[in-house]
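Listed here are the chains, written in short residue letters.
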Amino acid sequence: MTLAAGIDEDRYYPLVGLIALYMVLTIVSVTIILVSTKKNFEQLQKIKDFNTLKEYTDTLEATYNNLRSFKHDYVNILSTLAVFIDEKRYDELDTFFHQNIMPLSRDLTQNNASLANLSRIKNLELKSIFYSKLLLATSKNIEITVDIPDEIEKPNIDAMDLSRILGIYLDNAIEAALETDHPALNVHSCSIDNGILFMISNSFIDHGISVSQMYKKGISSKGEDRGLGLYNVATILAKYDNTFTETSMENGLFIQKLQIFSK
């Protein structure tokens, strides 16, 4: 007996069985891949959350230690003031006050005002990365300046990618600033035509490495097994056609500019 199409029935049914088996195996394979991918994603998310929490707790610890140090200095300052007052050495008191207490007060006021400017960033992930890194910089006695004249919404780029880029910029800025006699870190962000501008600058020591070399894998002034930061930035930005980045060194400052345009 043959089928209407003229195909031998004894050959037809095994072929159908093989096709069905192939489809079942394909479905099972896809299911396994999806489940495995989901587990890998959940694992990566746990690692990310752990790293974020560790960075946050490290920053809090550094800030707390800095606060303890300030408290100790504050007690010493009050004791010194008491000596001047008790001995009626008012001229020396006036000099001590303006040379030691007023500069400290200005620094604290400036840092608090700078951090307050982060309230203009409306995207939570973006605000978090700036807060954590700038608090870390403050705890290391780096002078920070934050200039954000406009409200900053979420730029047209993946939030995780942008956090990684800005995190690398800020980490590099903190490390480089700490090498200088007067460590300073400046953050500027504003709206531009058809997009948003981020600019991070810091004091630095010129080690003679050109900008083009800095973006190569493994090139760093920090020793072996370093130098992946800006290379990683370039790798991330290669996925986007609506970004423009510029690195420069001017007047003792290392400057990173990142422009993100709306598509």
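Reading the values: the criteria
- Residues numbered from 1 in each chain as written.
- Predicted model: local features only at pLDDT ≥ 70, side-chain atom pairs only at ≥ 80, totals over all residues.
- Heavy atoms only, no water.
- Pairing = 2+ DSSP bridges.
- Helix = DSSP H or I, 4+ residues; strand = E, 2+ residues; numbered from the N terminus.
- Axes fitted to C-alpha atoms, helices over the stretch in contact; angles between N-to-C directions.
- Expected span 1.5 Å × (residues − 1).
- Buried < 20%, exposed > 50% of the residue type's maximum accessible area, 1.4 Å probe, protein only.
- Polar contact = N/O pair within 3.5 Å; in protein donor to acceptor, adjacent residues only side chain to side chain.
- Parallel < 35°, antiparallel > 145°, perpendicular 65-115°, else oblique.
- Left-handed = near helix turned anticlockwise from the far one by under 90°.
- Contact = heavy atoms within 4.5 Å.
- Nonpolar A, V, L, I, M, F, W, Y, C, P; charged D, E, K, R; others polar.
- Phe/Tyr/Trp six-rings, centres within 6.5 Å; stacked < 30°, edge-to-face > 60°.
- Core = buried A, V, L, I, M, F, W, Y, C linked by side-chain atoms within 4.5 Å.
- Salt bridge = Lys/Arg side-chain N within 4 Å of Asp/Glu carboxyl O.
- Arc of directions from axis to C-beta.

### Some thoughts on the sheet that holds strand β3 (residues 195-203)
Next up, step 1: With respect to topology, 5 strands assemble into an open sheet ordered β1-β2-β3-β5-β4, the strand pairing being mixed. For this open sheet the edge positions go to β1 (143-147) and β4 (243-250), each flanked by a neighbour on one side alone. When the angles between neighbouring strand axes are averaged without regard to direction, this sheet yields 10°.
Next up, step 2: Pairing analysis gives 9 bridges linking β3 to strand β5 (residues 253-261), with the strands arranged antiparallel. Counted as the bridge partner of Ser203 is Leu253 from β5.

### As for the pairing of β5
Looking down a regular strand, the side chains alternate between one sheet face and the other.
Next up, step 1: Note: β4 against β5, 8 bridges, orientation antiparallel. Within β5, the position partnered with Thr243 by the bridge is Ile260.
Next up, step 2: The hairpin turn running from β4 into β5, its antiparallel successor, is 2 residues long, and Asn251 in that turn takes a positive phi close to 50°.

### Some words on helix α3 (residues 124-139)
Next up, step 1: Here α3 is 16 residues long and its end C-alpha atoms lie 22 Å apart, about the 22 Å a rise of 1.5 Å per residue gives.
Next up, step 2: Within the span of α3, buried status applies to Leu126, Ile129, Phe130, Ser132, Lys133, Leu134, Ala137, Thr138 and Ser139.
Next up, step 3: The N-cap residue of α3 is Asn123: its side-chain oxygen and the backbone nitrogen of Leu126 are 3.0 Å apart.
Next up, step 4: Of the residues flanking the end of α3, it is Asn141, one or two places downstream, whose phi is positive at about 65°.

### Let's talk about the packing of helix α4 (residues 159-177) against helix α6 (residues 229-237)
Next up, step 1: Look at α4 against α6: their axes get within 10 Å of each other, and the N-to-C directions meet at 155°. Judged by the inter-axis angle, α4 sits roughly antiparallel to α6. Taken as a pair, α4 and α6 cross one another with a handedness that is left-handed. Residues Asp161, Arg164, Ile165, Ile168, Tyr169 and Asn172 of α4 lie in contact with α6, whose contacting residues are Gly229, Leu230, Asn232, Val233, Ile236 and Leu237.
Next up, step 2: In terms of residue class, the contact of α4 with α6 is made up of 7 nonpolar, 3 polar and 2 charged.

### Notes on the packing of aromatic side chains
Within a pair of aromatic rings, the relevant descriptors are the distance that separates the centres and the angle that separates the planes.
Next up, step 1: Counted according to the given criterion, the structure contains 2 aromatic pairs.
Next up, step 2: Relative to Phe254, the ring of Phe204 lies with its centre 5.8 Å away and its plane at 65°, an arrangement referred to as edge-to-face. Taken together, the positions of Phe204 in the loop between β3 and α5 (211-214) and Phe254 in strand β5 put the pair 50 residues apart, joining distant regions of the chain. Considered together, Phe204 and Phe254 belong to a single accessibility category, that of buried residues.

### Overview of the nonpolar core
Next up, step 1: Counting residues in each nonpolar core, the largest one holds 40 residues, and the members touching the most others are Leu126, Phe130, Leu185 and Phe198.
Next up, step 2: When residues of this core are traced back to their parent elements, those giving at least two are α3, β1, α4, β2 (184-192), β3, α6 and β5.
Next up, step 3: When residues in this core are grouped by element, the largest group, 10 residues, is from α4.
Next up, step 4: Once residues within four sequence positions are removed from consideration, Leu185 is found in contact with Leu134, Ala137, Ile142, Glu143, Ile144, Thr145, Leu170, Ala173, Ile174, Ile200, Ser201 and Asn202.

### Here's the deal with the pattern of salt bridges
Next up, step 1: With the rule as written, the count across this model stands at 3 salt bridges.
Next up, step 2: Across the pair Asp171 and Lys133 runs a salt bridge whose closest N-O atoms are separated by 2.8 Å. Here the residue Asp171 occupies a position in helix α4, and Lys133 occupies one in helix α3, the gap between them amounting to 38 residues.
Next up, step 3: Of the residues examined, Asp171 reaches a relative accessible area of 27% and is grouped as partly exposed.
Next up, step 4: A salt bridge links Lys239 to Asp161; the nearest nitrogen and oxygen atoms lie 2.9 Å apart. Residue Lys239 is found in the loop between α6 and β4, and its partner Asp161 is found in helix α4; the two are separated by 78 residues along the sequence.

### Some thoughts on the side chain of Ser203
Next up, step 1: Looking at the element boundaries, Ser203 is found in strand β3.
Next up, step 2: Residue class for Ser203 comes out buried when judged on its relative accessible area of 9%.
Next up, step 3: Here Ala184 takes part through its backbone nitrogen, which lies 3.0 Å from a polar atom of the side chain of Ser203.
Next up, step 4: Setting aside residues no more than four positions away along its own chain, Ser203 makes contact with Ala176, Ala177, Thr180, His182, Pro183, Ala184, Gly252 and Leu253.

### Overview of α6
Next up, step 1: Where α6 is concerned, the buried positions are Gly229, Leu230, Val233, Ile236 and Leu237. Down the axis of α6, the smallest arc covering the buried residues is 115°, so these residues share one side.

### A closer look at the pairing of β2
Next up, step 1: Bridge count for β1 against β2 is 5 bridges, and the pairing is parallel. Residue Ile144 lies in a different strand from β2, and its bridge partner there is Leu185.
Next up, step 2: As paired strands, β2 and β3 are joined by 8 bridges and run antiparallel to one another. Paired with Cys190 across the two strands is Leu197, which belongs to β3.
Next up, step 3: Between the end of β2 and the start of β3, which pair antiparallel, lie 2 residues, with Asn194 showing a positive phi angle near 65°.

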